Amino acid sequence: MENLPSALTMSIGGIGPAIAIGVIVKAALESIGRNPEAGSQIQTAMILGVAFAEAIAIYSLVIALVLKFV
Amino acid sequence: MAGQLHIAITPETLFTVGGFEVTNTLFTSYLVSAFLIIFLFYARSQLKLTNRPTGLQNLLEVIVGGLYSFIDTITHSAKKTSAFAPIITGFFVFILLNNWVELLPGFHTIIYTGEPGIHLTNIPGASNIDEVYAVENSTEEVHLEEENENTGVALLRGANADINMTIALALVSVAVIQYYGFKFSGINYGKKYINFSSPIFFFVGLLEIVSEISKILSFAFRLFGNIFAGEVLIAVISFLVPVVLPMPFIGLEIFVGFIQALVFAMLTLVFINMATEAHH
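Each value, and the rule that gives it
- Numbering of residues starts from 1 in every chain and runs along the sequence as written.
- Chain A is the first chain written and ligand 1 is the first ligand written, with later ones labelled in order.
- Totals for whole chains, interfaces and linings use all residues, but because this is a predicted model, local features are given only for residues with pLDDT of at least 70 and pairs of side-chain atoms are given and counted only at 80 or more.
- Hydrogens and water molecules were not included; the side-chain quantities draw on all heavy atoms of the structure.
- Secondary structure elements are taken from DSSP: a helix is a run of H or I of four residues or more, a strand is a run of E of two residues or more, and numbering for both begins at the N terminus.
- Here the term buried applies to any residue with accessible area under 20% of the maximum for its type, exposed to any over 50%, and partly exposed to those in between, with areas from a 1.4 Å probe on protein chains only.
- The contact rule is simple, with two residues in contact once any of their heavy atoms fall within 4.5 Å.
- Buried area: the sum, over both parts, of the accessible surface (1.4 Å probe) that disappears when the two are put together.
- For salt bridges, the criterion is a side-chain nitrogen of Lys or Arg within 4 Å of an Asp or Glu carboxyl oxygen.
- Where helices are involved, their axes are fitted lines through C-alpha atoms of the stretch in contact, as for all axes, and angles between N-to-C directions lie from 0 to 180°.
- Relative orientations are named as follows: roughly parallel for angles under 35 degrees, roughly antiparallel for angles over 145 degrees, roughly perpendicular for angles from 65 to 115 degrees, and oblique for any other angle.
- Under the grouping applied here, Gly and all other residues not named as nonpolar or charged are polar, the nonpolar ones being Ala, Val, Leu, Ile, Met, Phe, Trp, Tyr, Cys and Pro and the charged ones Asp, Glu, Lys and Arg.
- For the purposes of this section, nonpolar cores are sets of buried Ala, Val, Leu, Ile, Met, Phe, Trp, Tyr and Cys residues that join through side-chain atoms within 4.5 Å.

Caption draft 1: Summary view of the overall build of chain A. A tally of regular secondary structure across chain A gives 2 helices and 0 strands. Its C-alpha atoms put chain A at 50 × 15 × 10 Å along the principal axes. Counting all 70 residues of chain A, 33% fall into the buried class. Long-range contacts, defined here as pairs at least 24 residues apart, represent 79% of the contacts in chain A between residues at least 6 apart.

What follows is the structure, encoded as structure tokens:
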């Protein structure tokens, strides 16, 4: 029971970034499919966007780790 | 048994040099730096001017040339590319090596006790009757922690799994962004932060200062979170099923390490590029 706060932090905090990364990659794949020549440029921008979205999940991970270990 | 899965969020001190604590992550980052410096000086002495490079030179030309042309696709300027390429390549290679060495055998398993000799009983997983007996008899967690202290600390540990390391990298990165901003735009770059020409610009400047601070935090926590999470993941999986099952996760960590090194270098590059663009 004492691990519940960190588990909840991680699971709820993961929802938003998961949806965000799905949407970003979906949009990138659609545009690569429409215009394959721009693939490398779109890929660069996509990785940047995914990194920003992932940062939110990492924040909740850090909070979860702090709750668990500190 | 619960005491054997040892996860520490802070690095452990190996020894002190005049009051300066040398931790296992710091030790590993020194090893990586030493390897990079010695290897690159050696490789530099072997370079030849030829149209058909072979072996080591070929490999290095692929890495340096690939990163150079990648940086050029973001800056779109030969002058900026030649100015930024060394530091971006340095960030990328250093972070990548630090992420990857952690997956080598010996990391987390070679235990340093501070005493000469081989301590077989200190290897995690090796059965020790006294220890098991003590764990069975103890009902308090305090006792387990004492045992962890007695068993010594891991000699090698990935440097990016230490928050101090990633904060240092993030501070260097943001300092470099400001340096190139001032270098390319002169004193005008300071107007981005402190501007008394109108109340709106003044508050925009305050927001810019806050965004620089949040850059440090997000750089540091992104790298630390990913690498530390990977370390914990592999530790937990190898604790549950020591054979075969950790392999795909190690593959995943190789991928994550590469992506995080790329993201760190690329974000630094994009922010430098934004800072050096003419003010609109």
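Caption draft 2: Representation of the overall build of chain B within the structure. Secondary structure assignment for chain B yields 8 helices and 4 strands. Helices and strands appear in chain B in the N-to-C order β-β-α-α-α-β-α-α-β-α-α-α. Within chain B, the proportion of its 280 residues that are buried is 39%. Relative to all contacts within chain B whose residues are 6 or more apart in sequence, the contacts with residues 24 or more apart total 70%.

Caption draft 3: Examining the interface of chain B and chain A more closely. Counting residues at the interface gives 19 residues for chain B and 13 residues for chain A. Buried area between chain B and chain A, both sides added, is near 1400 Å², and the carbon and sulfur share of it is 81%. The largest share of the area that chain B buries against chain A comes from I9(B), R222(B) and M266(B), three residues that together contribute 31% of it. Our count for the chain B to chain A interface comes out at 0 salt bridges.

Caption draft 4: Representation of the packing of helix α3 (residues 78–101) of chain B against helix α6 (residues 163–185) of chain B. All names here are of chain B. Closest axis-to-axis distance for the α3/α6 pair is 13 Å, and the angle between their directions is 180 degrees. In terms of orientation, α3 lies roughly antiparallel with respect to α6. Residues K79, K80, A83, F84, I87, F91, F94, I95 and N98 of α3 form the contact with α6, whose participating residues are M165, L169, V172, S173, V176, Y180 and F184. Broken down by class, the residue content of the contact of α3 with α6 amounts to 12 nonpolar, 2 polar and 2 charged.

Caption draft 5: Summary view of the pattern of salt bridges. Residue and element names in this part refer to chain A. All told, the structure shown has 4 salt bridges over all chains when counted by the stated rule. For K26, the salt bridge is made with E30, and the minimal N-O distance between the two is 3.7 Å. With K26 and E30 both in helix α1 (residues 4–34) and 4 residues apart, this pair spans about one turn of that helix. With a relative accessible area of 52%, K26 lands in the exposed category.

Caption draft 6: Molecular detail of the nonpolar core. Among the nonpolar cores identified, the biggest contains 61 residues, and L169(B) and F228(B) are the most heavily contacted of them. Mapped onto this core, the elements with two or more residues apiece are α2 (39–69) of chain A together with α1 (24–45), α2 (55–75), α3, α6, α7 (199–240) and α8 (246–276) of chain B.

Caption draft 7: Focus on the environment of A265(B). Residue and element names in this part refer to chain B. Relative to the helices and strands, A265 is located in helix α8. What makes A265 buried here is its relative accessible area of 5%. Along the primary structure A265 and I88 are separated by 177 residues, whereas in three dimensions their C-alpha atoms are 5.5 Å apart. Here A265 is in contact with I88 and F92, once residues within four sequence places are set aside.

Caption draft 8: Fine view of the environment of A261(B). By secondary structure assignment, the location of A261(B) is in helix α8. Put simply, A261(B) and L97(B) are 164 residues apart on the chain and 9.0 Å apart in space, counted from C-alpha to C-alpha.

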